[in-house]
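What follows is the residue order along each chain.
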Amino acid sequence: MSKLKSIQRSGTLAWSSADDKPALLAVGTVAGAIDDSFECTAHLEIFNLDLASPNPAMPLLGSATTSERFQRLAWGAGTNTADYPYGVLAGGMVDGSIKIFNPAKIVGGAAEDSVVATMDKHRGPVRGLEFNWNQPNLLASGASDADMYITDLANPAAPTFYSPGQRQGGGPADITCCAWNRKVHHILASTTNSGQTVVWDLKLKRPVISFNDPNNKTQRNSVVCWNPEVATQLIVASEDDNYPLLQMWDLRNAFAPVKDLRGHTKGILAASWCPFDNGLLLSAGKDNRTLCWDPLNGVVLCELPASANWNFDVQWSPRMPAVLSTGSFDGQVAVYSLTDTAPPVETWQSHAGAEPSFAARRAPKWLQRPSGATWGFGGQLVTFGTPPTLPAGQGLAPPRVHHFLVATEPEVVQRAQALQAALDSGDVNAYCVSKVTAAEATGDATDRAVWGLLGVLSSDDARQHLINYLRIDADGVSPVATPEPLANGASGEEVVDNRLDDMSMDIAAAMSLAQLTLVDGGLTLEAMETDPLAISQTNSGSLLARPPPLPPAPASIEPVVEAQLRRLLVRGSFEAAVDLCIEHGHMAEALALAASGGPELWAKARDRLLASHPAPFMRVLGAVVHQSFGQLVDESSLAHWRETLAILNTYAGDEELAPLCNRLALRLQSEEGDKATAMLCFMCAGNVAATTRLWLDALAEPTNLVSGARPRSLVGARATPLLAFVERLLVLRRVTADTGANAQPEVSARLGEYGELLASQGLLSTASTILAHAQPAANGNGLATAADLLSWRIGQSGKVAGGRGANPPFATISIGQAPEATARPARRSMLVQQPLGSHGAGTEMVSELFAHSDVLAHPAHSAAPQQQQQQQYQPP
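The following paragraphs examine the structure supplied in this document. (Residues numbered from 1 in each chain as written. Predicted model: local features only at pLDDT ≥ 70, side-chain atom pairs only at ≥ 80, totals over all residues. Heavy atoms only, no water.)

**With respect to helix H21 (residues 786-796)**
Within the span of H21, buried status applies to Ala787, Asp788, Leu790, Ser791, Trp792 and Ile794. Where H21 is buried, its residues meet helix H19 (745-760) and helix H20 (764-771). Of the residues one or two after H21, Gly798 is the one with positive phi, at around 80°. (Buried < 20%, exposed > 50% of the residue type's maximum accessible area, 1.4 Å probe, protein only. Helix = DSSP H or I, 4+ residues; strand = E, 2+ residues; numbered from the N terminus. Contact = heavy atoms within 4.5 Å.)

Given below as structure tokens:
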């Protein structure tokens, strides 16, 4: 133990009981001691512990001179806080009187007015003196006249007295100590120098039981103190040098002590049971030793540095845990702390017989948590608390230990379970539909577009559903928006009709083939309903660059041209006839003639028509006819990416579709910087790597992947976009049958993060399934990913089969075997367990003390089996 403060005084001690003034210590000049100056005056002094000051001495706050010296000193909180803010001090004087002091007067400098009352009820030195712990106005006192008195100090200036009862049996004996029961406030114990201990019941106003050691009839008791937690246990100390022991008694069987604590070699003068821990007991004896015991197990925990003379007073502070005081006949009052029970060798006092103190074996109870909680892997929470008090006769209550599976993010749990169910069932299309519905409810256009396309790709007829997804009617014709009027007032349709004239049937047939509508000489889908995927449409430009226009078709064939055509037909020169018709703008006649001239001539006329027609649509039709979709993708207007994607979907072969969609996506990404539209084209191409890269880029942005309401927690703020990423990724992989073998390392990192989130919510099985999609670390690099570590931990938990194997995914290094612990120094104490015999002194009476067995809590409860309750907890 480390010494905090000390003063040069030979005095009996009392700690302040006031909650707001716990560091005050009263010192009264002790009887039977004299200093080197043979000073005969007596003083009552109040010191301040002042732990903030480095000065080893305690500052003196005030002092009062008394006519007699003190045998015992007690400090009570009092009930009149207005007049007695520091409580009241009671001094048991050597002449048999009891003086009541107002410590506030002493501290305030009015020491001459500090004596409030003087009571002369005893005829010998007052050695027993203590305030009631529960009723601070009651003061118990006992003296050498063997009489006990209870003083009511509700009004300290006019105290009242009454006797607890007439002691039964035994001759006159000096009362050496008295103590109030800590649990039952009307129970009082006193002990005498004849070895008899009496327990008084103030309600019955008589002793209820008395006992002494049946094996030692001549034992002289010096101390009695109650167990602060067990109402029927008390300690009695012997001052006899032939029997220097402390005996623990349990009044449920008062025929013999429960155990003897042997450690002192001479009689014991003082003892104090710690009010904060019933496993700590101080004792001081004539052998100059002050020991700290574990009375429940009968062992010495630690020892104060030995003094050069007897320690006649030792006390725990009633308000400050770990702080204690000692008073010795070598003229020193010292204050120690239990926080350091193994001081350095240089701090030991050097005198004959001094021995080094040793460290305590356990931490005191005030350092132990009365309740607490700890998190475990997999969203597990274990809490413990104070065991409940059971009714009398029902034994000891086990500690309360609860096991919870805590889900702090219910939305994460629900979404993870829904995703896992969809992947297990294989019906991801229904899952996509539900996600589209949820996105429409929240107004999240991007999420609706992504899940809508995933739903299309997961359907049985993906190509047909993609046409519907791009807002193309079931009849193959898109709704036509009313075009804006031109500068001359004519509509776009009128201009087209005038220019095409006789070729209208051919154009209509081509338009029906292409499933598109011609408006204003070009393609348009402006009649589509507003969609988040739509890119701003422009009316300028065309799908392909326009070739030089054909001459306008005349109303009829000129006679000269007609005569030439007749001659060519007579000779069978269909090719020359076709050229003549095209030259003079008779395209319908040219196509009719080419049809009669064979496939090659028909192809030549068709290609010439497609190449020379002024309508941009004819360029599109040419790409369809010639299957030149690569040129279409490279030269088409990105403003009309929907039409281009629809044409590719309708006419391109299965092997060509993916590369063409990739080319379109790359153009959108590089030329327009349109990542959202490029993402959709990559998805149509089944390009999981490129789509994932765009999603990862969006996940790293402050706005993240999805919008929505304010997150309910910091975890939720990160969890929402992370869940969206994993959901999209796994569904896309399932739709495209992608194994993820070529996924970026960052994908595994995000899956590991998602798995950690699921594991924290108790979803170990789901987390293990998700982590199976993450790629393990490359062999040979010696570095394990977070997903590897988490998968191994889940496997080691024993709750989920599988994982990444029994071996940890990290290197282990053997550092050898730990050295054996050095032996502790031998204790100079032993435990003697006395058998319960049928002999012994003691008289039992029925008392309310034994009716309060419901407040008893035997220390054995710490060994009781734990009651584990597993509950599922959901946050409000």
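**Here we look at the pairing of strand S6 (residues 70-76)**
Counting buried residues in S6 gives six out of seven residues, a clear majority hidden from the surface. Examined bridge by bridge, S6 and strand S7 (residues 88-93) share six bridges and lie antiparallel to one another. Residue pairing in the sheet places Trp75 in a bridge with Leu89 of S7. (Pairing = 2+ DSSP bridges.)

**Observations regarding the sheet that holds S7**
Reading across from one edge, S6-S7-S8-S9 is the order of the four strands in this open sheet, with antiparallel pairing throughout. Both outer strands of the open sheet, S6 and strand S9 (115-119), are each paired with one neighbouring strand and no more. When the angles between neighbouring strand axes are averaged without regard to direction, this sheet yields 20°. As defined by bridge partners, S7 adjoins strand S8 (residues 98-101) across four bridges and the pair is classed as antiparallel. The residue of S8 that forms the bridge with Ala90 is Ile100. (Axes fitted to C-alpha atoms, helices over the stretch in contact; angles between N-to-C directions.)

**Describing the environment of Ile46**
Assignment of secondary structure puts Ile46 in strand S4 (residues 42-48). Taking the C-alpha atoms as reference points, Ile46 and Ala14, 32 residues apart in sequence, are found 9.5 Å from one another. For Ile46, the contacting residues outside a window of four places in its chain are Leu24, Leu25, Ala26, Pro59, Leu60, Leu61, Gly62, Trp75, Leu89, Pro103, Ile106 and Val107.

**Some points on the pattern of salt bridges**
By the definition in use, this model includes 20 salt bridges. The salt bridge partner of Arg415 is Glu727, with a shortest N-O separation of 2.8 Å. Pair noted here: Arg415 is in helix H2 (residues 410-425) and Glu727 is in helix H18 (residues 714-736), with a separation of 312 residues, a long-range link. Here Arg693 and Asp697 are joined by a salt bridge, their closest N and O atoms 3.2 Å apart. Of this pair, Arg693 and Asp697 both sit in helix H17 (residues 688-700), four residues apart, roughly one helical turn. The exposure class assigned to Asp697 is partly exposed, which follows from its relative accessible area of 29%. (Salt bridge = Lys/Arg side-chain N within 4 Å of Asp/Glu carboxyl O.)

**Some remarks on the environment of Ser425**
Here Ser425 shows up in helix H2. Among the residues examined, Ser425 registers a relative accessible area of 52% and is labelled exposed. Within the structure, Ser425 has its side chain in polar contact with the backbone oxygen of Ala422 (distance 3.2 Å). (Polar contact = N/O pair within 3.5 Å; in protein donor to acceptor, adjacent residues only side chain to side chain.)

**Some points on empty space enclosed by the protein**
Where empty space is left in the structure can be found by rolling a water-sized probe over the atoms. According to the stated counting rule, one finds four cavities of 30 Å³ or more in the structure shown. Quantified by volume, the largest cavity comes out at close to 90 Å³. The wall of the largest cavity is formed by 13 residues, among which Ser307, Asn311, Thr326, Gln332 and Tyr336 lie closest to the centre. Take the lining of the largest cavity: its biggest share by element is four residues, from strand S28 (residues 332-337). Looking at the lining of the largest cavity, its residues break down into six nonpolar, six polar and one charged. (1 Å grid on protein atoms, 1.4 Å probe; cavity = no way out; pocket = protein on both sides within 12 Å on 5 of 7 lines; lining within 4 Å. Points joined across faces, edges and corners; volume = space filled by probe spheres on them. Nonpolar A, V, L, I, M, F, W, Y, C, P; charged D, E, K, R; others polar.)

**Some points on the side chain of Ser768**
One can find Ser768 in helix H20. With relative accessibility at 15%, the residue Ser768 sits in the buried group. The residues contacting Ser768, other than those within four sequence positions of it, are Ile794 and Val800.

**Re the packing of H19 against H20**
In a packed pair of helices, the relevant descriptors are the angle between the two axes and the axis-to-axis distance. Here H19 crosses H20 at 170°, and the two axes come no closer than 8 Å. Taken together, H19 and H20 sit at an angle that is classed as roughly antiparallel. In this structure, H19 uses Leu751, Gly752, Tyr754, Gly755, Leu758 and Ala759 to contact H20, whose residues at the interface are Leu764, Thr766, Ala767, Ile770 and Leu771. Of the residues assigned to the contact of H19 with H20, the class counts are eight nonpolar, three polar and no charged. (Parallel < 35°, antiparallel > 145°, perpendicular 65-115°, else oblique.)

Remember that the coordinates give geometry; whether it matters functionally is a separate question.
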